[in-house]
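# Analysis of the macromolecular model
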Amino acid sequence: YRYMGKSLPRHDLPAKVDGSAVFGIDVMVPGMKVATIKACPTFGGTLAGVVLAESLPAGAQVVELDDAVAVVAGSYWEAQRTLATVQPEWDLPEHSGLMQAEIYEAFEQAIAEGLDAGAFKSEVDVGDSGRVIAAAAERIDVTYRAPYLAHACMEPMNATAHVVDDRCEIWVGTQNPLGTRHAVAEALDIPAANVIVHNHIMGGGFGRRSIYDATIQVAKISRSAGVPVKLIWSREEDMQHDFYRPAFSSRFQGVVSSSGIPTAWRNVFVNKSEPHEAPHIPYAIANISIGSIDLPMPIPEGPWRSVDSSQHAFFTESFIDELAHAAQTDPLEFRRSLLQEQPRYLAVLEALEQTSDWHKPLGSGRARGIALHESFGSIVGEVVQVNVTDQRLVVERVVCVADPGFVMSPDGFKAQMESGIIYGLTAALTGQVEISAAQAKVSNFHDYPVMRMKDSPVIDVIIINSGAPVGGAGEPGTPPAAPALTNAVFAATGQRIRELPLSLHGFKV
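One structure accompanies this document, and this report is about it.

Quick notes on the rules
- Residues numbered from 1 in each chain as written.
- Predicted model: local features only at pLDDT ≥ 70, side-chain atom pairs only at ≥ 80, totals over all residues.
- Heavy atoms only, no water.
- Helix = DSSP H or I, 4+ residues; strand = E, 2+ residues; numbered from the N terminus.
- Buried < 20%, exposed > 50% of the residue type's maximum accessible area, 1.4 Å probe, protein only.
- Contact = heavy atoms within 4.5 Å.
- Salt bridge = Lys/Arg side-chain N within 4 Å of Asp/Glu carboxyl O.
- Core = buried A, V, L, I, M, F, W, Y, C linked by side-chain atoms within 4.5 Å.
- Axes fitted to C-alpha atoms, helices over the stretch in contact; angles between N-to-C directions.
- Parallel < 35°, antiparallel > 145°, perpendicular 65-115°, else oblique.
- Left-handed = near helix turned anticlockwise from the far one by under 90°.
- Nonpolar A, V, L, I, M, F, W, Y, C, P; charged D, E, K, R; others polar.
- Patch = residues over 30% accessible without salt bridge, like charges linked within 9 Å, V, L, I, M, F, W, Y side chains within 5 Å.
- Areas by Shrake-Rupley, 256 points an atom, 1.4 Å probe, with all protein chains shown as cover.
- Arc of directions from axis to C-beta.
- Pairing = 2+ DSSP bridges.

With respect to the secondary-structure elements, Leu485 resides in helix α12 (residues 481–493). Residue class for Leu485 comes out buried when judged on its relative accessible area of 0%. Separated by 407 residues in sequence, Leu485 and Glu78 have C-alpha atoms that sit 45 Å apart. In this view, Leu485 contacts Val384, Val386, Val395, Leu425, Ala428, Leu429 and Leu502; residues no more than four positions away in its chain are not counted.

The next thing to look at is the pattern of salt bridges. Tallied over the full model, the rule gives 21 salt bridges. Put simply, Arg208 and Asp213 hold a salt bridge, and the shortest N to O gap is 2.9 Å. Exposure class is identical for Arg208 and Asp213. Each is buried. Put simply, Asp321 and Arg496 hold a salt bridge, and the shortest N to O gap is 4.0 Å. Of this pair, Asp321 sits in helix α8 (residues 309–326) while Arg496 sits in the segment after α12, and the two are 175 residues apart along the sequence.

Moving on, we get to the nonpolar core. Formed by 70 residues in total, the largest nonpolar core has its most connected members in Trp265 and Leu485. The element best represented in this core is strand β17 (residues 392–403), accounting for seven residues. Within the second largest apolar cluster, 31 residues are counted, among which are Leu98, Ala152, Tyr423 and Ala438.

This paragraph deals with the packing of α8 against α12. Remark: α8 packs on α12, axes separated minimally by 8 Å, with the N-to-C direction vectors making an angle of 30°. The pairing of α8 with α12 is recorded here as roughly parallel in orientation. Two packed elements cross with a definite hand, and for α8 against α12 that hand is right-handed. Seen from α8, the contacting residues are Ala313, Phe314, Glu317, Ser318, Asp321 and His325; seen from α12, they are Ala482, Pro483, Thr486, Asn487 and Phe490. In terms of residue class, the contact of α8 with α12 is made up of five nonpolar, four polar and two charged.

So, about a nonpolar patch on the surface. Taken together, the side chains of Tyr1, Met4, Met408 and Val470 present a nonpolar region at the surface, about 430 Å² in accessible area. Along the chain, Val470 falls in the loop between β20 (458–463) and α12.

Taken N-terminus to C-terminus, the directions of helix α11 (residues 410–430) and α12 make an angle of 55°; their axes are 8 Å apart at the nearest point. Comparing the axis directions of α11 and α12 gives the class oblique. Our pair here, α11 against α12, has a crossing hand that is right-handed. Here Ile421, Gly424, Leu425, Ala428 and Leu429 of α11 come into contact with α12, specifically with Ala481, Ala482 and Leu485.

Before going further, it helps to examine helix α2 (residues 76–83). Taken residue by residue, α2 has Ala79, Thr82 and Leu83 as its buried positions. The arc that holds the buried residues of α2, viewed along the axis, is 100°, so those residues lie on one side. Turned more than 90 degrees away from the buried face of α2, the exposed residues are Trp77 and Arg81. Of the surrounding elements, those touching the buried residues of α2 are β1 (33–39), β4 (68–73) and β5 (86–91).

Okay, the sheet that holds strand β16 (residues 378–389) next. Strand order in the open sheet formed by four strands is β15-β16-β17-β20, with mixed pairing between adjacent strands. This sheet does not close on itself; its edge strands, each paired only once, are β15 (366–375) and β20. If you compare each strand with its neighbour and ignore which way they point, the axes differ by 15° on average. Of the strand pairs in this sheet, β17 and β20 are connected by six bridges, and their pairing is parallel. Bridged to Val399 within β20 is Asp460.

Turning to the sheet that holds strand β13 (residues 262–270), a few remarks are in order. Strand pairing within a sheet occurs via backbone hydrogen bonds; the two strands may be parallel or antiparallel. An order of β6-β14-β13-β12-β7 is seen for the five strands of this open sheet, with the pairing classed as mixed. The sheet terminates laterally at β6 (121–126) and β7 (140–146), the two strands that pair on one side only. Geometrically, the sheet is characterised by an average inter-axis angle of 10° between neighbouring strands, direction not taken into account. In the sheet, β7 pairs with strand β12 (residues 248–256) via seven bridges, with the strands oriented antiparallel. In the strand pairing of β12, Tyr144 is matched with Ser250. Against the sheet, helix α3 (residues 100–117) engages β7, β12, β13 and β14 (288–293), with an angle of about 40° to β12. Contacts from α8 reach β7, β12 and β13, with the element oriented near 150° to β7.

This is the structure we're talking about:
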């Protein structure tokens, strides 16, 4: 405890501020050339061939991969200009006409059929929610949607490789250096002991840099070109060939008694992933059924900050708000009544109540929303305060109360909560990768906007050291942001948001 629990200086920060830090994209290797790439825009397509519109500049090379074409040249600019003259021909998969609306329709049809037949994978089954729902004179039956999301790392995907015979040296910022080593070895069919990985700091990861696609590409390009190669994806390639946060549909059925007590909660969603407990709820409801249906889609998916908790927190914390509204009860008080056997949750809730001035009236068009979620061993509650005037939505303040058991570095923990909140608000406000003809219809930050400093709310972070087993910091700040925001929008406008992002619903964000 000489160091634990204290905000000590971070020795990595000065280099990041003054520009001397070496990220993966900054690596320089003697004799190195630079490559950039164009992958098949249709997910699952492969490269059939390449037509050169004009002769290549001196020293430039074209490298063909399974689903992409790369150009190797003396600089990134030269590689980009040359790549623009290359005309790849693609073999497209059977699903090449797949549209976003079809994905949601397929999800929701599968859920409906699973509910009707009782044919879904059950993971929580308490009481008899089906009987209670069937017998109820009134029930709430709603479906929520969350879209595919890109990671939008500030540093686009890149890696540098030098392959000589059966040996490979890699320079990259990766979230999994050992996994990178084995993936490259397998792709090149060489021993893992012959792969050296130099890991660099990352200009954003969020799960994206736990996947090895760009690193495998550059290893193959270097072997083909016969020189050290740095591969840099364009921003457009980065957005259009991500491994996206999965799109979800999640259906809820609930019953609230005449005395305002929720008596049944049934939730069936598509495509169970991790963490296992993401769709679970802490609330004391007598009859609970939670389950899933598998219906994979041919869209590349991968881990995204807080993994499935980012979707399920939006679903569950929005639906508990719907039950509170049906019970004509204040959302915070409704949650409190259902958490009497959950002391850690109650402590977070009470700190939120006090710090956010929950019961203090706000002016016209302004309101607060609340959400709680446990992920990675940390319980995080957030209250979002919004101002909605003529459909212009402004997020004014976020109060965050977090119980991770014990905080090792308070300053670093608060920074992680703040960044997680910004990430979650960005997704809720504008985040969407629309699928059209099995392609991602985004290209850069103009059509995949992220929250800028001028739009960032005031964020207050309160830490509770409860003494519970130590939880995480990097992920748990994200999940409550979306439902706290949409619950605030409902409180301000009466408009219930069941499909993200908010920009779909006429709000100017």
